[in-house]
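Structural overview for review
Next come the chains, spelled out residue by residue.
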Amino acid sequence: MRRVTLLAGVALVSVVVLLALVSFVWTPYDPVRVDPSARLLGPSAAHWLGTDGFGIDIASRIMVAAQTCLLVGVIAVGIAALVGVPIGIGSGLLGGWFSEVVMRVTDVLYAFPALLLAILLAAAFGASTWTAMIAIGIATIPAFARVARAGTVQVMASDYVLAARSCGTGRAAIAGRHILPNVAPVVGVQASVAFGIAILAEAALSYLGLATPPPTPTWGRMLRDAQTYLFTEPSLALWPGLAIAVAVLGFNLLGDGLRDLLDPKLREQAR
Amino acid sequence: MPNLRRGATRLRIRGPAVTVAIRVAIFLLSLVLASVLIFVVCAALPGDIAQVILGQNATSESLAALRHSLGLDRPLLSRYLDWVGGMLTGDFGTSFFTRLPVADQIATRLAVTGWLVFFGMAVALLVAVPVGMIAAVRRRRLSGAVISGLSQIGLAVPAFWAGILAVFIFAVKLRWLPANGYVPLREDPMQWAAHLVLPVLSLAVVQASVLTRYVRSAIVDVLEEDYIRTARAAGWTRLGALWRHGLRNASISVVTVLGLQLATLFVGAIVIESVFALPGLGQLLLDAVAQRDLMVVQGTVMVLVFAVLVVNTAVDLSYVALDPRIRTARR
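Keep in mind the model is a prediction, meaning the values are calculated, not measured.

1. Observations regarding helix 8 (residues 219-228) of chain A
When you tally the buried positions in helix 8 of chain A, you get seven out of 10 residues, the bulk of the element. For helix 8 of chain A, every residue scored as buried is listed here: Trp219, Gly220, Arg221, Met222, Leu223, Ala226 and Gln227 of chain A.

This is the structure we're talking about:
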């Protein structure tokens, strides 16, 4: 039963990654070329999912949009992990009032949801894929910092760290040899969950027109366009939303599956 | 033994009053940090706002005059202090474009977002608490697994997509409810309610999924406690034992999530307002961003962040009320 979660997650994520990879070399049609003669065609053998209001093949757009979605996820989660994990480990390792202050400052970021930060950045620098990625990344830093800190504090209290310290091992060596390997799995789980959240945030931002500008296709913008045709061509609103849901569900299940796999305590409870 | 005595006084002093005082101090500090962050990002705005307002053909004199009248030629620090000082007295500055007071604009929009968030959370809670309890009690049966699966799917659905689908089903197909727009409560209560149903539901679907999962896991944790087994041995039914002994214990972790979710609800409302063309804070903010109306952006973001911080602080303080162990604990 537990394996099912993990496998389902891997399968769904693979589908999205595969769509993105294939779209680099092949799509059924040009994903940006406007064709007025082929507007709003329903699903057919030629256009599997039909065409949108510009006459662009929807299947092709969905495939290419997977690239943007994964790019934003990778960069945003990368920023959050690269900044948040060192903050968390450092704070857990050093302790004292300084680390307390650092964590409190990180906590203030919690009051800035990704979307609000992205709106601010878009207001200041103009909306782009970059403002979205950076905003989502910064807003996700506290989550990584907390997870890394909790893991570090736990490891620091263990006997083998005590043994290492009594042998005169320095803090940096303890961080590299004992803490990092122990914290890495939790960070991995967090990364998977954060990836799902990042995809949702990116979708909302591009729906609002605050992320990747056209003509680059994004699932969020496709939904915005589809809303115009809700009375005449409702199926347009189906596929991009489904794509977002599949991607997010995939990363959520992957995160849950990994957590169950890594946490022996949970595994015992399940049996 | 000076050390021991000092420890003892600290234990006595750190009652609820000190816990509350520390939390309030953190709240105020966070507000200051947030205002600096907002101001700095907005001040980093590239390009000349006066140029944006007057267009490319403006003379350098008129640009300088406009900059002066907007206060953009003054040093950053005094602009920041003016802004913060004004907000403390309820003056959020004037919009660069409409020349109307920002505070008035925010006030008129606040009600729409407020109703949305309030009802969204209420509906989500009304669904999540009973459903989460059922999922926890029946976790080894099919019904529990089905609820978990559904909530997992609900987590993955973007709220704005749920909104679009809801419009299609209830406004386009069934024609039961209006597709978008807003009518103030004072004008027509029935129309007001009709216009809020779909936005609230689409906001609540996602929230309910998140909350259901947390309620479930909180109650599963409680159900494994010894005192529940004791209560069962004393003849209480599973639900009876949960009702009598479990809910208060489970409520602590649920309240935490509730606070965090309330914060995301404010932000979720921005997107939902866009789906249903509701004239709330989100629409105000997005319009201001499109026009680069700095004062409105700053003010609106500050109000939203303020709301989030207030909720987070209230959640932390509620632990003190809910859990006597925290109330008297020495940290």
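What follows picks up the thread again.
2. What to know about the pattern of salt bridges
Residue and element names in this part refer to chain B. Within the structure shown, the criterion is met by four salt bridges over all chains. The salt bridge partner of Arg139 is Glu224, with a shortest N-O separation of 3.2 Å. You can see Arg139 sitting in the loop between helix 6 (102-137) and helix 7 (142-156) and its partner Glu224 sitting in the loop between helix 9 (189-223) and helix 10 (226-233), a full 85 residues away along the chain. Looking at Arg139, the relative accessible area reads 19%, which means it is buried. A salt bridge links Arg229 to Asp226; its shortest N-O distance comes to 3.5 Å. With Arg229 and Asp226 both in helix 10 and three residues apart, this pair spans about one turn of that helix.

3. Some remarks on the packing of aromatic side chains
Here a ring pair, both rings aromatic, is described through the centre-centre distance and the interplanar angle of the planes. Residue and element names in this part refer to chain B. Per the stated rule, a full pass over the model turns up 11 aromatic pairs over all chains. When the ring of Trp115 is compared with that of Trp192, the centres are 5.1 Å apart and the planes differ by 75 degrees; the resulting orientation is edge-to-face. Residue Trp115 is found in helix 6, and its partner Trp192 is found in helix 9; the two are separated by 77 residues along the sequence. When its relative accessible area of 28% is taken as the criterion, Trp115 is described as partly exposed. Overall, the relative accessible area of 11% leaves Trp192 in the buried class. Between Phe170 and Trp176, the ring centres sit 6.1 Å apart and the planes meet at 40 degrees, which makes this aromatic pair tilted. Residue classification places Trp176 among the exposed positions, given a relative accessible area of 61%. Members of the aromatic cluster, connected to one another through ring pairs, are Trp115, Phe118, Phe119 and Trp192.

4. Comments concerning the nonpolar core
Residues Trp219 of chain A together with Phe160, Leu285, Val297 and Val301 of chain B are the most contacted members of the largest nonpolar core, which totals 155 residues. The element best represented in this core is helix 2 (residues 58-94) of chain A, accounting for 15 residues. Counting only domains with at least three residues in this core, you end up with domain 1 (2-88) and domain 2 (107-322) of chain B.

5. Things to note about a positive patch on the surface
Together, Arg138, Arg140, Arg141, Arg232 and Arg238 of chain B line one region of the surface with positive charge. By the element assignment, Arg138 of chain B lies in the loop between helix 6 and helix 7.

6. Describing the confidence of the model for chain A
On average, chain A scores 85 in pLDDT, and the residues at 70 or more come to 95%. The secondary-structure element of chain A with the lowest mean pLDDT is helix 10 (residues 264-270) of chain A, recorded at 47, while helix 2 of chain A shows the highest, at 91.

7. Remarks on the domain arrangement of chain B
All names here are of chain B. Entries for chain B in the domain assignment read domain 1 (2-88) and domain 2 (107-322). Measuring from the centre of the C-alpha atoms in domain 1 to the corresponding centre in domain 2 gives 30 Å. Across the boundary between the two partners, domain 1 contributes 17 residues, which contact 17 residues of domain 2. With both sides pooled, the region where domain 1 packs onto domain 2 buries about 1,600 Å², and carbon together with sulfur makes up 81% of that total. In this structure, the connection of domain 1 to domain 2 is made through zero salt bridges. Inspection of the region where domain 1 meets domain 2 yields zero residue pairs in polar contact (both at pLDDT 80 or more). Among the secondary structure elements, those contributing two or more residues to the side of domain 1 that touches domain 2 are helix 2 (16-43) and helix 5 (76-88). The dominant element in the side of domain 1 that touches domain 2, judged by the number of residues it contributes, is helix 2, at 12 residues. Looking at the side of domain 1 that touches domain 2 residue by residue, the class counts come to 13 nonpolar, three polar and one charged.

8. Examining the packing of helix 11 (residues 238-276) of chain B against helix 13 (residues 294-322) of chain B
Residues and elements named next belong to chain B. Where helix 11 meets helix 13, the closest approach of the two axes is 10 Å, and the angle between their N-to-C directions is 175 degrees. On the basis of their axis angle, the class for helix 11 and helix 13 is roughly antiparallel. Along its contact with helix 11, which presents Arg248, Ser251, Ile252, Val255, Thr256, Gly259, Leu260, Leu262, Ala263, Phe266 and Ile270, the element helix 13 presents Leu304, Ala307, Val308, Val311, Asn312, Val315, Ser318, Tyr319, Ala321 and Leu322. Classifying every residue of the contact of helix 11 with helix 13 gives 15 nonpolar, five polar and one charged.

9. Observations concerning unusual backbone geometry
Here the amide bond leading from Pro214 of chain A into Pro215 of chain A is cis, since omega sits at 10 degrees, within 30 degrees of zero. Looking at where Pro215 of chain A falls in the secondary structure, it is placed in the loop between helix 7 (171-207) and helix 8. Although it is not a glycine, Arg175 of chain B sits at a positive phi angle of roughly 55 degrees. Summarising the element assignment, Arg175 of chain B is placed in the loop between helix 8 (159-173) and helix 9. In the Ramachandran plot, Ala277 of chain B falls in the positive-phi region, its phi being about 50 degrees despite a non-glycine side chain.

10. Some points on the interface of chain A and chain B
Contacts between the two partners involve 41 residues from chain A, matched on the other side by 40 residues from chain B. Carbon and sulfur atoms supply 80% of the area that chain A and chain B bury against each other, a total of about 3,600 Å² over both sides. One can count one salt bridge joining chain A with chain B. Put simply, chain A and chain B have five residue pairs in polar contact (both at pLDDT 80 or more) between them.

Cut-off values and rules
- Residue indices begin from 1 for each chain and proceed along its sequence in written order.
- Numbering of ligands from 1 and lettering of chains from A proceed in the order in which they are written.
- pLDDT decides what is reported in this predicted model: residues at 70 or higher carry local features, side-chain atom pairs at 80 or more are listed and counted, and totals for whole chains, interfaces and linings draw on all residues regardless.
- Water and hydrogen atoms play no part in the side-chain values, which are based on all heavy atoms of the structure.
- Relative accessibility decides the category of a residue: with a 1.4 Å probe and only protein chains considered, values under 20% of the type maximum give buried, values over 50% give exposed, and everything between is partly exposed.
- Secondary structure elements are defined from DSSP: runs of H or I of at least 4 residues count as helices, runs of E of at least 2 residues count as strands, and each element is numbered from the N terminus.
- Salt bridges are counted wherever a side-chain nitrogen of Lys or Arg sits within 4 Å of a carboxyl oxygen of Asp or Glu.
- Any two rings among Phe, Tyr and Trp, with Trp reduced to its six-membered ring, count as a pair given centres within 6.5 Å; such a pair is stacked if its planes are under 30 degrees apart, edge-to-face if over 60, and tilted if neither.
- Here, nonpolar core means buried Ala, Val, Leu, Ile, Met, Phe, Trp, Tyr and Cys residues that are tied together by side-chain atoms lying within 4.5 Å of each other.
- Domain delimitation follows an automatic or database domain assignment.
- Excluding any residue in a salt bridge, patches collect residues exceeding 30% relative accessible area, merging like charges within 9 Å and nonpolar Val, Leu, Ile, Met, Phe, Trp and Tyr side chains within 5 Å.
- Accessible surface area values rest on a Shrake-Rupley calculation with a 1.4 Å probe, where residue burial reflects the displayed protein chains alone.
- When charges are counted, neither His nor the chain ends are considered; positive counts come from Lys and Arg and negative counts from Asp and Glu.
- Where a charge sits is defined by one atom per residue type, namely NZ (Lys), CZ (Arg), CG (Asp) or CD (Glu).
- Residue-level confidence of the predictor is what pLDDT reports, using numbers from 0 through 100.
- A contact between two residues is defined here by any heavy atoms of the two lying within 4.5 Å.
- Buried area counts how much accessible surface, traced with a 1.4 Å probe, disappears from two parts once they are put together, with both parts' losses summed.
- N or O atoms closer than or at 3.5 Å make up a polar contact, with two conditions inside protein: a donor-capable atom paired with an acceptor-capable one, and, for residues adjacent in sequence, both atoms drawn from side chains.
- Amino acids are sorted into nonpolar (Ala, Val, Leu, Ile, Met, Phe, Trp, Tyr, Cys and Pro), charged (Asp, Glu, Lys and Arg) and polar (every other residue, Gly among them).
- For every element, the axis is a line fit to its C-alpha atoms; helices are fit only across the contacting stretch, and the angle between N-to-C directions ranges from 0 to 180 degrees.
- Orientation is classified from the angle alone, with under 35 degrees giving roughly parallel, over 145 giving roughly antiparallel, 65 to 115 giving roughly perpendicular, and any other angle giving oblique.

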